[in-house]
2 protein chains.
Amino acid sequence: MATKCRAVAQIIDNPRESTEDMINNTARTHSDGGVLTPTELTHLHAWWRAANYLSVGQIYLMDNPLLREPLQPEHIKPRLLGHWGTTPGLNFIYAHLNRSIIKRDLNMIYIMGPGHGGPGPVAAGWLEGTYSETYPDVGQDLEGMKQLFKQFSFPGGIPSHVAPETPGSIHEGGELGYALSHAYGAAFDNPDLIVAAVVGDGEAETGPLAASWHSNKFMNPARDGAVLPILHLNGYKIASPTVLARIDHDELDDLLRGYGHTPYYVEGHDPEQMHQDFARALDTCLDDIREIQHRARESGETERPRWPMIVLRSPKGWTGPAEVDGQDVEGSWRSHQVPFSAARENDSHRKILEDWLRSYRPEELFDDSGEPVEEVRILHPPGDRRMSANPHANGGTLLRDLRIPDFRDYAVPVEQPGTGQVEATRVLGQMLRDILATNLHNFRVFAPDENNSNRLTAVLEATDRAWNVGTVPGDDHLARDGRVMEILSEHTCQGWLEGYLLTGRHGFFSCYEAFIHIVDSMFNQHAKWLDTTNGIPWRRPIASLNYLVTSHVWRQDHNGFSHQDPGFIDHVLNKKPEVIRVYLPPDANTLLSVADHCLRSRQYVNVIVAGKQPQLQYLDMDDAIVHCTKGIGIWDWASTHPDTEPDVVLGCAGDVPTMETLAAVDLLRSHFPDLSIRVVNVVDLLRLQHESEGPHGLSDTDFDALFTTDKPVIFAYHGYPWLIHRLTYRRTNHGNFHVHGFREEGTTTTPFDMCVLNRIDRFHLAMAVIDRVPRLKDVSATVREKFKNALIEHHQYIRTHGEDMPEISNWQWSAVPGPGLRCEQEAREEPV
Amino acid sequence: MATKCRAVAQIIDNPRESTEDMINNTARTHSDGGVLTPTELTHLHAWWRAANYLSVGQIYLMDNPLLREPLQPEHIKPRLLGHWGTTPGLNFIYAHLNRSIIKRDLNMIYIMGPGHGGPGPVAAGWLEGTYSETYPDVGQDLEGMKQLFKQFSFPGGIPSHVAPETPGSIHEGGELGYALSHAYGAAFDNPDLIVAAVVGDGEAETGPLAASWHSNKFMNPARDGAVLPILHLNGYKIASPTVLARIDHDELDDLLRGYGHTPYYVEGHDPEQMHQDFARALDTCLDDIREIQHRARESGETERPRWPMIVLRSPKGWTGPAEVDGQDVEGSWRSHQVPFSAARENDSHRKILEDWLRSYRPEELFDDSGEPVEEVRILHPPGDRRMSANPHANGGTLLRDLRIPDFRDYAVPVEQPGTGQVEATRVLGQMLRDILATNLHNFRVFAPDENNSNRLTAVLEATDRAWNVGTVPGDDHLARDGRVMEILSEHTCQGWLEGYLLTGRHGFFSCYEAFIHIVDSMFNQHAKWLDTTNGIPWRRPIASLNYLVTSHVWRQDHNGFSHQDPGFIDHVLNKKPEVIRVYLPPDANTLLSVADHCLRSRQYVNVIVAGKQPQLQYLDMDDAIVHCTKGIGIWDWASTHPDTEPDVVLGCAGDVPTMETLAAVDLLRSHFPDLSIRVVNVVDLLRLQHESEGPHGLSDTDFDALFTTDKPVIFAYHGYPWLIHRLTYRRTNHGNFHVHGFREEGTTTTPFDMCVLNRIDRFHLAMAVIDRVPRLKDVSATVREKFKNALIEHHQYIRTHGEDMPEISNWQWSAVPGPGLRCEQEAREEPV
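Residues numbered from 1 in each chain as written. Chains lettered and ligands numbered in written order. Predicted model: local features only at pLDDT ≥ 70, side-chain atom pairs only at ≥ 80, totals over all residues. Heavy atoms only, no water.

## A closer look at the nonpolar core
- If you look at the biggest cluster of nonpolar residues, it comprises 358 residues, and the most contacted ones within it are Leu685 of chain A together with Leu685 of chain B.
- If we ignore the near neighbours within four places in the chain, the residues touching leucine 685 of chain A are Ile569, Leu573, Val582, Leu584, Tyr717, Leu723, Ile724 and Leu727 of chain A. (Core = buried A, V, L, I, M, F, W, Y, C linked by side-chain atoms within 4.5 Å. Buried < 20%, exposed > 50% of the residue type's maximum accessible area, 1.4 Å probe, protein only. Contact = heavy atoms within 4.5 Å.)

Structure (structure tokens):
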């Protein structure tokens, strides 16, 4: 095994031969069974040289782009940044994919897992002309090339990774692990698309990537496109070797077959041989794919196919300098970033750089004006077939609106607020069911095996779970053609969904609240992608990424502390307000209204937090629409003496906090009939923010009108309490805000006891009111004592009976207006 | 394939035969080559029945534990919670491991990936007596059994998962994915330990688990213990089948061999046959392990071994009711949680429950007092050999202090503050090197291939990177015996480290700041574990989990926006202040002091944020110790007119913000010599918190003394600015806090420009001072204009030259006291 690795790792002979030699040698190879004609080989090699030249140029040069004068220090960038190691491999593959696209008229995009090889696809896009079409200031000429070089990893320029700025990319390559899940997401429901996905051998060590190999069990060759994984073994990560490059061939082969693939190996360093071998392997794979699709589409074959894949083993920093200062560079980890850094200061390093650049013979590749010569351009597919211009990589251009049924049709009747119990997510499931039924090719739902647990069961009436691994009697709704995507991997679900959205489709992800943190980092990257693309005019808006976060912190009756974490909202709020939205609908009708809004939106990450347990319903659909449209509002019907200045404001956000707030009002009005209580419910959390801080923020005037400028505000919040302070700390009345929320006081207990532990229960809220309303303080000692006793009594009760006292769990809002309570009808007439 | 699955999934015959039948059949089996004698088989089966009985009892019963009277509704819990499906499999394995422990005198712990099968290990611990030793109120008698049953998933009781409360566990089973990485972490440096690790087939779909199979490439059989993975295919997750249970045998076999294992298969449902088969497979595996260790330890074998593993394919909910209400239960996903819920209300369900419980024949398993009979107890290893009592699963009992050299020996000389440039993490690397050298068996460092990138290079002088996959010339510091743990998987690094710490050792994890979010969820679970164990007296404190978060947001010169995220601190601060610490040392000496403190601490998660780039140094070691001990303090030497009441306070936390703050002071004092500026630097972020909110919080008196009660405070912070508001919003002077921090204004640019974009640069800070100090406002128009011009000039400069203006990047603190600046010597005499 070591010998084989060394053979690749230790390459130091010169892989760059003259065109004449190449042609002569190729003639031999071709007659020996090579698949490439001498001309094809020449073109492939010329294109690869051109792309490599432009890649090195981006990393090193800021002037003299075609070396038409001797290389001087001032031509070299003062700060050398970027990654060379993976780039020639990415370029090599690009060249070959282009050949196949032209030959077979393929619709193909290219996902580069080792996206830090950013110079590669930028070079390719420039060669193909897309770059200059997209960025006219970077023309396909000498001046444009100079600009191309200078802008790379330069202030005001482009990142060193494959990025939103890179034409043809749907995959930011900074954080590793998502190449395959993005690729599969792109291929779902795109029967004509082939997604070539390079997996770096570093990336292959990550968990998300390791899990995503199994995505092939969720592909339907009859309906979906194809993913062609190309595992690129260049042997090293930043400093260490990679696991997959060092296990022996048989072990690697077992692994890849165990993932369900048929691997084809291309190993070596000699360009000519590698061109022939790769072309042959790629031809075989594309033949296999065509055959698989034919069998599934024409012959009705239903067996899961063994999809082909390629293993490309080539030196890291291939075609780079063999050694610098006596140390190996090509084939070594030293090629990972900038292979040598003193090219500006050190004459011998500059000489190495110049020799390296000239070894690609740029004078043969670019004409006088700097434009690529015909021999290079011949490898460019026409128009949208160019991978750098494929519309699937700018999904917004393909995006069509969802056909969404009228969400009001799913309304839960609410005759009296705060009475009937409904599982809100179950109602939402019915709406999602009908969206699935009417959008057969551009909408899917995703969940880590929690779809039913989250009560979205109705979706299975419209479709099945995607499953292509065989079924047995007793299985529930599995089908090759299913559109409910369930794998017990939040990473894979998120990656699939991102790939699906980025290629112009729609989706919905439901997840347990505590475990959505598993994809915190993926959320970060997607939010940053959206934020960046908002500033890129040619990137068209894509559908929002919609999370339903459920099975939430307040109802982990048996899962306990490990399942109690409402912090995803905090995490999300660290990103730009322009790209994130957080909704906390308190009941089913508000959930429907919010979901409808989210599914229609573009360029956001929408987080909807809603419980799946039976819970009280408050608003009929008309009121729900008004309330959700405002995002925040006074609930007159739940307030006492609503026409008077309030003594206290009770704020609430989230289903359980809303219920406890109303129960607190109930307690208070029975004891203090004269107390004027205002209830403010928040659905759209970012309404709390100041208008200067985000597009949904309220003005101070509006905020003060809701929360007053001087009255105590007792705020019951779904998550960690300080988030409400963060959102409101600049408000006039912030000093009077007292927020109750989750404080990591979790355990295995009853629903109400969870609230008590964290003091968002009705009694603690009512006591907080008593403590903050000056005129109650003196008269309320006995009431306060009564509440305390109730808590003790409840505590004793649950330890005996294991469930909440009936008067707690069966509590409902009284429909009969109590003292000072405006009756429900009146409130309806003037919705606030 | 489908047929094979069906064979297992469709088992509905009765697996519970009489003891007599069992013995008779076994005699036959044993003579046919079964490894178990009839007596052994009887004992194994009796123990399994007992554990299963106790498991079902926990889920369903609150009284009548041994069914000594007919089962009545009131014996059944009102709320039925818990997971049955995986439990009998866990119990089955437990019984067999016990047999092997006794037979071979093994030192073994048991990690249960499907930890929601919590009733299993609780039952086992109770049978083994450990539970009653640990919790005397749950005695090994009838009353104790009743308590055991009632407490499960009951208010005031225990969670339904394997949890910190469970004796013998180091692995909370709520969030899936970490069974193998925890197991390997436990096995490192424990040559005599065998860690049996059950991987559920649901968990096997997660990314972290998928990646962690490759942990075997980092094991040294000569020095480390062994991990025995047991892949438990019970076919279903919550509602869907599992991928690994449905791919065909050959594909699964390829996969597991590709992971580097030799798998042994035990498949079926007939208990007798399964006992024989599992015993045989386990014997084989343990023989293999002994042989591997012997070869490595006695014969000097250095080839990486193929470690054995077991695949156990058995029905979900094995031995549970075959069907309920006409629907399959055993062998179906319906067994996942509580197989049927109406046992209290519905007579026929209660009858099913009673039959089910009685099918285990409890009267044969427990004596009159409720104690397990001898036939059951015979399967219990003695004392600490019981897996429920193994000290490795209560690592604090084994924890020894690290031998830490005097950190002052690594001090960087600082003659004049704010002058010399040092890479702080490189200095820390020297200290870590010597800790590695002097703690050869209980300290390791972990990084996702970023050790060198993070400048901890010196550690490789003391040891190598752990690597057991073969090496080639040119490799850098790889060895089977290495103690630097590098795999490109944050999940695996974190899992290894957790397993290592939980078994009583020490460790240090360095990671890029942006990508530490990858383990957000793992951090959550570990912090919750620590928080919970703080309340469990028999759990002894373990070493803290230490993160060095580096390659931080302010220095992503080429990686750009995708690598810019300082939000891990925010995430961490959502957990209990009792278990988390966050440090932002501004230079090398403070970093050394902080690291020393963290490495000595217990039961915390310590997050140290420090850049790896060359940066100015401020404090000599004596001052650094004083400053770090206080955690926050006035820097008199950097303040102007320090003996007067300040006009303004400049707060700073983090290396880059500190530098920019000092540069702002420099600007201000040159323009406004009379201005009294106080500089307050924060190392220990939680000092900002109020003392009532956490153990490191300052009193209001102390806080006000630093930040005044009424002067403007311009605070430059490393991360998202609102965190400082969150920590200080209750302080007297909070209304005057103006925090500058990262606002997601990121891009590929120069270091200083990153600061400018986010307004934490010297000019913006100085302008903020001008704007907030009333007496400056009128006189400062020209100065403000000058600063603005400087920003414009800089912006133009970097777009031409690609690097910061020399006067920016070369800026140093002037040692010569300027007007109003106390000279450095004076400051030294009275450190604050």
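## Notes on the sheet that holds strand 1 (residues 107–112) of chain B
All names here are of chain B.
- Taken in spatial order, the five strands of this open sheet run 1-2-3-5-4, and their pairing is parallel. Of all the strands in the sheet, just strand 1 and strand 4 (261–267) have a single pairing partner and so form its edges. Going from strand to strand, the sheet's axes swing by 20 degrees on average, the running direction of each strand aside.
- The pairing of strand 2 (residues 193–200) with strand 3 (residues 226–233) spans seven bridges and is parallel. The partner of glycine 200 across the bridge, within strand 3, is histidine 232.
- Contacting strand 1, strand 2, strand 3 and strand 4, helix 8 (residues 179–187) runs over the sheet at an angle of about 175 degrees to strand 2. (Pairing = 2+ DSSP bridges. Helix = DSSP H or I, 4+ residues; strand = E, 2+ residues; numbered from the N terminus. Axes fitted to C-alpha atoms, helices over the stretch in contact; angles between N-to-C directions.)

## Things to note about the sheet that holds strand 4 (residues 261–267) of chain A
Residue and element names in this part refer to chain A.
- The strand order across the open sheet built from five strands is 1-2-3-5-4, with neighbouring strands paired in parallel fashion. Lying at the two open borders of the sheet, with one neighbouring strand each, are strand 1 (107–112) and strand 4. Here the strands of the sheet are splayed against their neighbours by 20 degrees on average, with no regard to which way each runs.
- Bridging between strand 1 and strand 2 (residues 193–200) involves six bridges; their strand directions are parallel. For isoleucine 111, the partnering residue across the bridge sits in strand 2 and is alanine 197.
- Strand contacts of helix 11 (residues 249–258): strand 3 (226–233), strand 4 and strand 5 (307–313), with the helix running at about 145 degrees to strand 4, the strand carrying the most contacts.
- With respect to the sheet, helix 12 (residues 271–297) is in contact with strand 1, strand 2, strand 3, strand 4 and strand 5, its orientation differing from that of strand 5 by roughly 165 degrees.

## Some thoughts on the interface of chain A and chain B
- At the junction of the two partners, chain A supplies 122 residues and chain B supplies 122 residues.
- Between chain A and chain B the total buried area reaches about 9800 Å² when both faces are included, carbon and sulfur atoms providing 56% of it.
- If you sort the residues of chain A by the area they bury against chain B, Arg79, Leu488 and His558 of chain A come out on top, with a joint share of 7%.
- Put simply, chain A and chain B have 16 salt bridges between them.
- The residue lysine 575 of chain B makes a salt bridge to aspartate 565 of chain A at a minimum N-O spacing of 2.6 Å.
- In this structure, the connection of chain A to chain B is made through 50 residue pairs in polar contact (both at pLDDT 80 or more).
- Secondary structure elements with two or more residues in the side of chain A that touches chain B: helix 1 (2–9), helix 9 (207–212), helix 10 (243–246), helix 11, helix 19 (520–533), helix 20 (568–572), helix 25 (722–728) and helix 29 (781–801) of chain A.
- Of the residues belonging to the side of chain A that touches chain B, the class tally is 43 nonpolar, 44 polar and 35 charged. (Buried area = accessible area lost by both parts, 1.4 Å probe. Salt bridge = Lys/Arg side-chain N within 4 Å of Asp/Glu carboxyl O. Polar contact = N/O pair within 3.5 Å; in protein donor to acceptor, adjacent residues only side chain to side chain. Nonpolar A, V, L, I, M, F, W, Y, C, P; charged D, E, K, R; others polar.)

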